[in-house]
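Breakdown of the fold
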Amino acid sequence: MFGSVVVGIGTAGFVRIRDMLAPLPSSAAEKLSVKGFISRRILEEQQGVKQITVEDALSRDDIKVAFVCTENAAHEENIRMFLEAGKHVCVEYPMAMTHKTAVDLWDLAQEKGVVLHEEHIELLTADFKQLKKDVAGKRLEEGFLHFTGGPLKTGFGFPAFSGIARLTWLVDLFGELSVTAASMEEDQENKYMKMTAQLITKEQKPLTWIEEWAPGLPRAKDINFRFDSCTITQLPPATREPVGIFMQDLVLFSQKLLGQVPRDQLHAERCRVLHCLELADRIQQLSLQGSAQDT
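Residues numbered from 1 in each chain as written. Predicted model: local features only at pLDDT ≥ 70, side-chain atom pairs only at ≥ 80, totals over all residues. Heavy atoms only, no water.

- Looking at an unreviewed UniProt entry, one finds the protein chain named Biliverdin reductase A-like isoform X2 and attributed to Salvelinus namaycush.

1. Topic: the packing of aromatic side chains
- Tallied over the full model, the rule gives five aromatic pairs.
- Plain terms: the ring middles of phenylalanine 67 and phenylalanine 253 are 5.5 Å apart, the flat faces sit at 80° to each other, and that makes the pair edge-to-face. With phenylalanine 67 in strand E3 (residues 65-68) and phenylalanine 253 in helix H8 (residues 245-257), the pair connects residues that are 186 residues apart, well separated along the chain. Across this residue pair, the class does not change: phenylalanine 67 and phenylalanine 253 are buried.
- When the centroid spacing of 5.2 Å and the interplanar angle of 75° are considered together, the rings of phenylalanine 174 and phenylalanine 225 count as edge-to-face. Here the residue phenylalanine 174 occupies a position in helix H7 (residues 164-174), and phenylalanine 225 occupies one in strand E10 (residues 220-227), the gap between them amounting to 51 residues.
- According to the relative accessible area criterion, phenylalanine 174 is buried, its value standing at 13%.
- One aromatic cluster in this structure is built from Phe174, Phe225 and Phe227.
- In this structure, arginine 166 is placed above the aromatic ring of phenylalanine 147, and the distance from its NZ or CZ to the ring centre is 3.6 Å.
- Over the aromatic face of tryptophan 169 sits the side chain of lysine 221, whose NZ or CZ is 4.8 Å from the ring centroid. (Phe/Tyr/Trp six-rings, centres within 6.5 Å; stacked < 30°, edge-to-face > 60°. Helix = DSSP H or I, 4+ residues; strand = E, 2+ residues; numbered from the N terminus. Buried < 20%, exposed > 50% of the residue type's maximum accessible area, 1.4 Å probe, protein only. Lys NZ or Arg CZ within 6 Å of the ring centre and 35° of its normal.)

2. Describing the nonpolar core
- One finds Phe67, Trp209, Phe225 and Ile283 to be the most contacted residues of the largest nonpolar core, which totals 86 residues.
- With residues up to four places along the chain from it excluded, the contact list for phenylalanine 67 reads Ser4, Val5, Val6, Val7, Arg16, Met20, Leu32, Cys90, Leu250 and Phe253. (Core = buried A, V, L, I, M, F, W, Y, C linked by side-chain atoms within 4.5 Å. Contact = heavy atoms within 4.5 Å.)

3. Thoughts on the pattern of salt bridges
- In the structure shown here, the tally under the stated rule is 17 salt bridges.
- Between arginine 40 and glutamate 71 there is a salt bridge; the shortest N-O distance is 3.3 Å. Here glutamate 71 lies in the loop between E3 and helix H3 (75-84) and arginine 40 lies in the loop between strand E2 (32-38) and helix H2 (54-59), a separation of 31 residues in the sequence.
- Take arginine 40: its relative accessible area is 70%, and that puts it in the exposed class. (Salt bridge = Lys/Arg side-chain N within 4 Å of Asp/Glu carboxyl O.)

4. Concerning H3
- Listing the buried residues of H3 in full gives His75, Asn78, Ile79, Phe82 and Leu83. All buried residues of H3 project into a common sector of 125° when viewed along the axis, lining one side.
- A positive backbone phi angle near 80° is found at glycine 86, which sits one or two residues after H3. (Arc of directions from axis to C-beta.)

5. Considerations on the pairing of strand E9 (residues 206-213)
- By the criterion of burial, E9 is predominantly enclosed, with seven of the eight residues buried.
- In the sheet, strand E6 (residues 140-149) pairs with E9 via seven bridges, with the strands oriented parallel. Residue pairing in the sheet places glycine 149 in a bridge with tryptophan 213 of E9.
- Relative to E9, strand E8 (residues 192-201) runs antiparallel, the two being bridged by eight bridges. Residue pairing in the sheet places alanine 197 in a bridge with tryptophan 209 of E9.
- The loop that links E8 with its antiparallel partner E9 comprises four residues; one of these, glutamine 204, has a positive phi angle of about 65°. (Pairing = 2+ DSSP bridges.)

6. Examining the UniProt feature "domain: Biliverdin reductase catalytic" (unreviewed entry) in the protein chain
- Mapped onto this numbering, the UniProt entry annotates "domain: Biliverdin reductase catalytic" (unreviewed entry) at residues 128-238.
- Secondary structure content for residues 128-238 is 21% helix and 44% strand, and the end C-alpha separation is 9 Å. (UniProt positions renumbered as here; feature names shortened; annotations may be inferred.)

7. Describing the sheet that holds E10
- Within the open sheet, the six strands sit side by side as E7-E8-E9-E6-E10-E11. Their pairing is mixed. Whereas interior strands pair on both sides, the edge strands pair on one side only; in this sheet they are strand E7 (177-187) and strand E11 (231-232).
- In this sheet, E8 lies alongside E7 in antiparallel orientation, the contact comprising 10 bridges. By the bridge assignment, serine 183 is partnered in E8 with threonine 196.

This is the structure in structure tokens:
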């Protein structure tokens with residue numbers, strides 16, 4: 001059994017505790033056992049699980065795993081702390097706020113002989129799985145992905161990092177990408193932000209990615225992928241799957257702990273995660289350069 005602690009009790013932390021208390025039957029997730037949670041606040045028991053201190057979590061021999069579910073800006077500190085203590089770590093995306101930091105953390109995990117897993121539930125949704133099937137075998141000519149949502153919360157970082165789930169979609173669908181241009185519009189008084197990134201595929205086909213955040217904006221994705229044979233303008237209808245996306249991710253992480261994931265799959269996943277973070281770095285750099293020139 002892998003005794004576990006959950007760091008951060010927001011939506012993700014709550015779901016992590018829930019899923020460990022009732023894991024998918026006959027799955028690798030049954031090997032996880034939640035021992036406590038950590039929060040900056042003093043809280044009552046959560047789903048029957050007691051709050052413990054960071055010091056307890058780091059020193060206890062029965063705690064082998066940490067689930068980092070804090071705001072993005074706190075990911076690096078928590079990951080590094082638990083890796084240094086020889087604990088396996090599962091972290092909500094993004095792992096870190098720079099590509100270099102993520103490389104350092106992965107190297108540290110390898111040095112310590114533990115698993116570092118970045119959750120990507122957006123690749124596990126039924127609509128994305130269906131979209132990937134629909135896209136397979138088609139040649140992209142041009143693509144567009146526009147995400148909208150409410151105001152970006154403090155501590156979640158630059159939109160290329162806070163929205164890295166959408167960037168991961170594009171990389172998983174169309175392969176390695178390059179950034180050709182990026183810009184940022186911001187009205188702090190009205191809590192408005194809009195990031196636009198121009199990307200190209202290895203085949204030199206253009207992709208536009210927009211993240212737009214403001215009060216009153218619906219949480220939605222608008223897509224337009226033009227292929228040689230057809231155009232896809234909306235996410236395909238998909239049947240709700242019996243196993244939730246967080247549980248699917250929990251099973252995958254547990255399989256990694258048990259050594260059940262092939263080495264080539266682990267390598268491909270690491271390459272994808274680091275490639276997306278490298279793209280996010282470049283988008284942020286170009287956006288900030290443009291903002292500085294505007295002022």
